[in-house]
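# Survey of secondary and tertiary structure
Chain by chain, the residues run as shown.
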Amino acid sequence: MTDTPYRCGFVAIVGRPNVGKSTLMNHLIGQKISITSKKAQTTRHRVNGIYTEPNAQFVFVDTPGFQTYHKGALNEALNNSVKDSLANVDCVLFVLEAMRLSAADREVIALLPKKTPVILVLNKLDKAKDRLLLSAFIEEARAEFPFTDVEVVSAKHGQRLGELLDKVRPHLPESVPLYPEDMVTDKTQRFLAAEIVREKLFRYLGEELPYEMNVEVESFEVDGSMFRIYVAVLVDKEGQKPIVIGRGGEKLKKISTEARLDMEQLFDCKVFLEVWVKVKSGWADDVRFLRDFGIN
Ligand SMILES: Nc1nc2c(ncn2[C@@H]2O[C@H](COP(=O)(O)OP(=O)(O)OP(=O)(O)O)[C@@H](O)[C@H]2O)c(=O)[nH]1
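Cut-offs used in this document
Residues numbered from 1 in each chain as written. Predicted model: local features only at pLDDT ≥ 70, side-chain atom pairs only at ≥ 80, totals over all residues. UniProt positions renumbered as here; feature names shortened; annotations may be inferred. Helix = DSSP H or I, 4+ residues; strand = E, 2+ residues; numbered from the N terminus. Buried ≥ 20, exposed ≤ 12 C-beta atoms within 10 Å, placed from the backbone. Core = buried A, V, L, I, M, F, W, Y, C linked by C-beta atoms within 7 Å.

Per an unreviewed UniProt entry, the protein goes by GTPase Era and derives from Vogesella amnigena. Quoted verbatim from the Function (unreviewed entry) heading of the UniProt record, the comment on the protein is "An essential GTPase that binds both GDP and GTP, with rapid nucleotide exchange. Plays a role in 16S rRNA processing and 30S ribosomal subunit biogenesis and possibly also in cell cycle regulation and energy metabolism."

This is the structure we're talking about:
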């Protein structure tokens, strides 16, 4: 009798914006490390999520959505990052929303590698009730690319994710684990703190969100059993500050409270969080917002 060999490899998750890539990765690894929101194109960084089981370790690479609009320099960088993430992985998960195959999806299909196994993942199964239509849709999608395999899942509801992992596992090379078994991401807590604030900004600003906004962790200190985190939200123009701060500071207060609660859950400790808004070029007129005391 031979022991099952240990397998470990990299898995890229690709697809157009909003198909559910971040949700899928978060549910696969069981933790919230990649931001999600209803607004498309929220992912701007590659986040490695790691899932370890007794005989295998899956290292997931979450890619930014393939950008089909807002053709700025940033988006060009995002598109290059999609291509980069497809080089040197062992398996690619191409995510499609069940029953929707658009021009934007086809643009991502055009980037899929020929030499790496690509599994078609039909997400949002909960929205596709009609099984006959679903199998016709699978055929339609399979005609677009020689996918190695297909799985239907609901990332949000955690459905059929075990089945998906079963299809990925054989493509991982035999290898010792590359990361410690209790590690779920190779991103720093500092990075994750910025991602969480960015997620809340996306959620609460919606269409008002300034497109050029950046989030920077200015300081991250461990104070006994507590983290003290200072985050700056950088906007381009003075006029954008009130959009983020809201009337009487209400919006920013909500954003920082929710971000703090998420951080406490993720880091498993008490967090003191202070979020400020400032204009990128301006330094004299920063507005410092104290979560508990309103605007200074
Ligand atoms: N109904 C349903 N909604 C889902 C499912 N999976 C994800 N969603 C929703 O789809 C939206 C987009 O999900 P994300 O995970 O942010 O999508 P993404 O592909 O990472 O998006 P970008 O970061 O823009 O590339 C969110 O509102 C999710 O809650 C699912 O299985 N069913």
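## Re the overall build of the protein
Scanning the protein from terminus to terminus reveals eight helices and 11 strands. Buried residues in the protein amount to 35% of all 296 residues.

## Things to note about helix α1 (residues 21–29)
For an α-helix, 3.6 residues make a turn, and residues three or four places apart therefore share a direction. Burial of α1 is extensive: nine of the nine residues sit out of reach of the surface. Looking at α1, one finds that the buried residues are Lys-21, Ser-22, Thr-23, Leu-24, Met-25, Asn-26, His-27, Leu-28 and Ile-29.

## Quick word on the nonpolar core
Residues Val-11, Ile-13, Phe-60, Val-92, Phe-94, Val-95 and Val-121 are the most contacted members of the largest nonpolar core, which totals 36 residues. Contributing elements (two or more residues each) for this core: β1 (7–14), α1, β3 (56–62), β4 (91–97), α3 (103–109), β5 (118–123) and α5 (161–168). If you tally residues by element for this core, the top one is β4, at six residues. In this structure, Ala-194, Ala-259, Leu-273 and Trp-276 belong to the second largest nonpolar core, which totals 23 residues.

## Considering unusual backbone geometry
At Lys-124, a residue that is not glycine, the phi angle is positive and equals roughly 65°. Mapped onto the elements of the fold, Lys-124 is located in the loop between β5 and α4 (131–142). For Lys-124, a count of 21 C-beta atoms within 10 Å corresponds to the buried category. Positive phi, normally seen in glycine, also occurs at Arg-160, with a value near 65°. Structurally, the position occupied by Arg-160 is in the loop between β6 (149–152) and α5. A tally of 17 C-beta atoms within 10 Å means that Arg-160 is categorised as partly exposed.

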